[in-house]
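Here is how the chains run, residue by residue.
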Amino acid sequence: MSKEWTCGQLRASDAGRKVTLKGWVNSRRDHGGVIFLDVRDRWGVTQTVFSPDHEDAFRVADTVRDEWVVAVRGTVRRRPAGTENPRMATGEIEVTASGIEVLAPSAVPPFEVSGGPEPEESVRLRYRYLDLRRRRMLHNIELRHRVVKYIRDYLSEREFLEVETPILVNSTPEGARDYLVPSRTSPGEFYALPQSPQQLKQLLMVAGIEKYFQIARCFRDEDLRADRQPEFTQLDLEMSFVSQEDVLELTEDLFTGLTEELTGKRVLAKPFPRITYEDSMNRYGNDKPDLRFGMEIADVSEVAATCGFKVFSDTIANGGTVRGLAAPGAASFTRRQIDELTSTAQEFGAKGLVWIAVESPQDSETGYRSPVARFFEREELDSIAHALGARQGDLMLLVADRKPVVLDVLGRLRNHLGALLELADPGVVAYAFIVQPPLFEWNEEEGRWDATHHPFTAPLPGEEELLRTDPGSVRAEAYDLVANGYELGSGSIRIHRREVQAEVFRLMNYSDEEIEQRFGHLLRAFQYGAPPHGGIAPGIDRLVMLLADEPNIREVIPFPKNQAGEDLMLGAPAPVDERQLRELHIQLLPAAKERTASARPQ
RNA sequence: GGAACCGUGGUGUAGUGGCCUAACAUACGUCCCUGUCAAGGACGAGAUCGCGGGUUCGAAUCCCGUCGGUUCCGCCA
C-alpha cells in the first residue's frame, strides 16, 4: 500500500486528476443528499464530496465517522463558484468521490481531535497518540525535527562529528540523583543513566575527535517542573584547542541562524550580550534574566542609610541593603493590586514591600504618593527615582534585607511584573551569555567547597592563584546560555593542567581514594596528552518550547511524563515480577513490597 | 518533603447551603435535509458532582482526611 497523494497538496491546477486520498476523517458533514468528508493526513486536509450518483460510495460514506481511516477515490475539481474556502490550503478544490474504502474504523475518541475544547492534560497524556494528531502537536514535532536537523547540518558543515555515547554508564554521586539500572551479571552492582555525557565527551577530546556533538538523551532523577522532565535532550558539544570566545561565537551563530530561519521570531541582539554572573545577580536578581524588558534592579542603600524611615536605616546599619525597581505605568495600580504585590513579595521571602508611586516629579508638593512618603525628604525621593530610572506613572518598589534575599525577591518580582504588565514582546528571543560565575560555592553541611558547574571547569585565566588564598572569589571560565528568562544550557572551558585539577580536588575535600574511584578514568586519560578543550550543552526541549511559544516542556515532547514521573499512557513505572527481581539480585523493602503487591503484572 | 490551585455526563465549563429531580456547549445515537467546511434542524441517551468521613432539618456547595492533576518552593545545570 502506498500513498500517491497527500491531503495537503492538491490545487486548482490539478483539476481533472483522478486521485486516491488516504487519511483520517477530520470532519463529516451530512446534508442528506450530499456528504462531505474532510480527509486529514500529516500534510493537510482535503474536502471530498459524496453524492448519490455513486451509490455504493455514498452508502459507505453515510456510515463513516470522525477519525476513521479511509481511502477515497475520486476526481479533483474546482469547487463550484462561491463555495471555495480561503482558510484551507486546498480550499479551491474538492475531490468528487467515486469510491471509498474503510481501512480502519475508529472507536469514539475520548476527546475531539479536531476542534472541541482543550482536554485536561492527564486525558491528553493517557491518549497521547490521539493528542499528537492535533495540529498544535504536529507543529511542535515538526519544529523539533527542523531544529535538530538544522543543528546537525550546521555542525556537520563545520566538521563536527556526531558520536554516540553509552546510556548505561556509572553513577557519579555529585550533582543530580542518578537513575540506576541493576546489573544481572555483576550481582549487587548498578549502572547509572547519564545525567549528561560530560566525562565521555571530554574523553572524546583526549581521543582526538576535536569537534564532537551529539543530540544526547540525559537523565536526572529529580522532582519535575514545567521546564523539567526526568529524561530530556541536550545538544552536547565539545571542541579542542578553543577559547571561551570560540565556543560562544559558534553557539551565537548557530542559535541566531536557527531562530531566524526556522521561526518568525526576532533575535533581540547579536552578538548576544555577555553579562557577568555578578552583574546579572545585581541587575536582574538571578542568573537567567529575561532581557526582553528592562526594569532593572538598582541599589538605593546610600539614600536609605540616612533617611528617616527606620526600617531602611536600620537594615543598612545592620549590614543589609535596600534595592528596588520601577514598574512602568504601575502607579495607577489600585490599593488591592498593590496589596497583592506585597503578599507576592512576601511569598518570595520579603519581610515587606515599600511602594512609592511617581505621580508628577515636576510638582514639588505632590510628586510622590506612598504610605511612607512622610519619612523621606523630597530630594531623597528624587534620588531614589533617579537611581531606579523611574518616570511619571511608574510604581517604585523597594525591599530591605540581606543582599541575597533582596536580590532574590526583586528578581522574582521583576519576572512577576514582567508577565503581569506584559512587558515582554512575544515575537522576540533575547539570548544572552552569563559569564564568569563563581567556580565554587561553600557547602555548609559538608564543610567543603562544591564545584558550581562541575569539577573539571577551569578557573578564569589569572585567577588560579586565588585557589590557594580565597577559593570563594575564584571565577570560572564557564558560561550559561539564557533566553527569555530560561537557562538554555551551560558550558565551560575544562581544566587540562594536572596541578590545577589537583588543587580543585583538594578544595573539594576529596581523598585520593575518592578521586580515583570517581574520576580515575578521566585523570588516567589526561596523562596521555589532553588537549585544551571546552564546550556547551544547550537543552533542546527548552529551546523548542521557547520557539514554539509553549508554556511547558511536555508540549514539545511526544511522550512526556507527568509531574510524578509517570507515563500515563504506558503505565510506567510498573512493578515487575518476582523472577525478574531475583535475576537482578534485588529484594524489595516491606513498604515497597506492600505497595506493589496489588499491582503485580500477570 | 512542603505550599497553592483544580477535580461536576465522553470532553470542556456553569452552578459555591434549599429554586439541582444538576444547567450549557460539544461529542455520541436516531430521524430530516443536495453545498457545507465550528454545517443546520428535531428528538434521545448519558453525571448518585474523584473517593471516604463529618457538620446541618437539608451538602456538588461548608469542614476533615484521602486519591488524582497542575503550578511553585526545597531539589535540579
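Quick note: structure is the one above.
Now for a look at the structure at hand. (Residues numbered from 1 in each chain as written. Chains lettered and ligands numbered in written order. Predicted model: local features only at pLDDT ≥ 70, side-chain atom pairs only at ≥ 80, totals over all residues. Heavy atoms only, no water.)

1. Notes on the environment of Arg29
Positionally, Arg29 belongs in strand S1 (residues 18-30). Linking Arg29 and Leu10, residues 19 residues apart in sequence, is a C-alpha distance of 21 Å. Every residue in contact with Arg29, bar those within four places of it in the chain, is listed here: Val34, Ile35, Phe36, Asp38 and Gln47. Polar contacts involving the side chain of Arg29 include one to the side chain of Ser27, which spans 2.6 Å. In this structure the side chain of Arg29 is engaged in a polar contact, spanning 3.0 Å, whose partner is the side chain of Asp38. (Helix = DSSP H or I, 4+ residues; strand = E, 2+ residues; numbered from the N terminus. Contact = heavy atoms within 4.5 Å. Polar contact = N/O pair within 3.5 Å; in protein donor to acceptor, adjacent residues only side chain to side chain.)

2. A look at the pattern of salt bridges
One pass over the full model with this rule turns up 56 salt bridges. The partner of Arg59 in a salt bridge is Glu55, and the shortest N-O contact between them spans 2.9 Å. Here the residue Arg59 and the residue Glu55 both occupy positions in helix H1 (residues 55-63), the gap between them amounting to four residues, near one helical turn. A salt bridge links Arg274 to Glu252; its shortest N-O distance comes to 2.5 Å. (Salt bridge = Lys/Arg side-chain N within 4 Å of Asp/Glu carboxyl O.)

3. Examining the packing of helix H4 (residues 135-157) against helix H6 (residues 244-262)
Packing of H4 against H6 brings their axes to within 10 Å, and their N-to-C directions diverge by 140 degrees. Viewed along their axes, H4 and H6 adopt a mutual orientation that is oblique. In terms of crossing hand, the pair formed by H4 and H6 is right-handed. Facing Leu143, Arg146, Val147, Tyr150, Ile151, Tyr154 and Leu155 of H4, the residues of H6 in contact are Leu250, Asp253, Leu254, Gly257, Leu258, Glu261 and Leu262. Residues belonging to the contact of H4 with H6 are distributed by class as follows: ten nonpolar, one polar and three charged. (Axes fitted to C-alpha atoms, helices over the stretch in contact; angles between N-to-C directions. Parallel < 35°, antiparallel > 145°, perpendicular 65-115°, else oblique. Left-handed = near helix turned anticlockwise from the far one by under 90°. Nonpolar A, V, L, I, M, F, W, Y, C, P; charged D, E, K, R; others polar.)

4. Section: the protein's contact with RNA strand B
Around RNA strand B, the structure places 47 residues, and the nearest of them are Thr83, Arg87, Glu94, Glu112 and Glu120. Within 4 Å of the protein, the contacting atoms of RNA strand B are 50% sugar and phosphate, with bases supplying the remainder. In this structure, Asn85 approaches RNA strand B through a side-chain N or O atom, which is 3.2 Å from a base oxygen. Within the backbone of Thr452, a nitrogen or oxygen atom sits 3.2 Å from a base nitrogen of RNA strand B. Elements represented by at least two residues in the surface near RNA strand B include exactly S1, strand S2 (35-41) and strand S23 (486-493). When residues in the surface near RNA strand B are grouped by element, the largest group, three residues, is from S1. Its residues placed into classes, the surface near RNA strand B shows ten nonpolar, 14 polar and 23 charged. (Near = heavy atom within 4 Å.)

5. Thoughts on the layout of surface pockets
Reported here for the second largest pocket is a volume of approximately 1,000 Å³. The wall of the second largest pocket is formed by 34 residues, among which Ala572, Pro573, Ala574, Pro575 and Val576 lie closest to the centre. Elements that contribute at least two residues to the lining of the second largest pocket include exactly strand S7 (180-182), helix H17 (578-583) and helix H18 (590-597). The leading source of residues in the lining of the second largest pocket is H18, at three residues. (1 Å grid on protein atoms, 1.4 Å probe; cavity = no way out; pocket = protein on both sides within 12 Å on 5 of 7 lines; lining within 4 Å. Points joined across faces, edges and corners; volume = space filled by probe spheres on them.)

6. Focus: the nonpolar core
Grouped together as the largest cluster of nonpolar side chains are 66 residues, with contacts concentrated most on Val147, Ile151, Leu155, Leu235, Leu237, Leu258 and Tyr431. The contacts of Leu237, once residues within four sequence positions are left out, are Leu155, Phe160, Lys201, Tyr212, Phe213, Leu250, Gly535 and Ile536. The next biggest cluster of nonpolar side chains, apart from the first, holds 25 residues, and it includes Leu325, Ala330, Val399 and Val405. (Core = buried A, V, L, I, M, F, W, Y, C linked by side-chain atoms within 4.5 Å. Buried < 20%, exposed > 50% of the residue type's maximum accessible area, 1.4 Å probe, protein only.)

7. Focus on the pairing of strand S14 (residues 321-327)
The element S14 is extensively covered by neighbouring structure, given that seven of its seven residues are classed as buried. Bridge count for strand S13 (residues 298-299) against S14 is two bridges, and the pairing is antiparallel. Bridge pairing in S14 links Ala298 to Gly324. The sheet contact formed by S14 and strand S17 (residues 395-401) spans seven bridges and is antiparallel. When the bridges of S17 are listed, Gly324 appears paired with Leu398. (Pairing = 2+ DSSP bridges.)

8. Remarks on helix H11 (residues 378-388)
Of all the positions in H11, only Arg378, Glu380, Leu381, Ile384, Ala385 and Leu388 are classed as buried. The buried residues of H11 occupy an angular sector of 165 degrees when the element is viewed end-on, so they sit on one face. Residues Glu379 and His386 are exposed on H11 and point more than 90 degrees away from its buried face. Packing partners of the buried residues in H11 comprise S13, helix H8 (301-306), S14, strand S15 (354-358), strand S16 (368-369) and S17. Positive backbone phi, at 70 degrees, marks Gly389, one or two positions downstream of H11. (Arc of directions from axis to C-beta.)

9. Here we look at the pairing of strand S24 (residues 533-538)
Buried residues dominate S24, accounting for six of its six residues. The pairing of strand S10 (residues 231-240) with S24 spans four bridges and is antiparallel. Residue pairing in the sheet places Leu237 in a bridge with Ile536 of S24. Judged from the five bridges that link them, S23 and S24 form a sheet pairing that is antiparallel. Across the sheet, the residue bridging to Gly489 is Pro538, located in S24.

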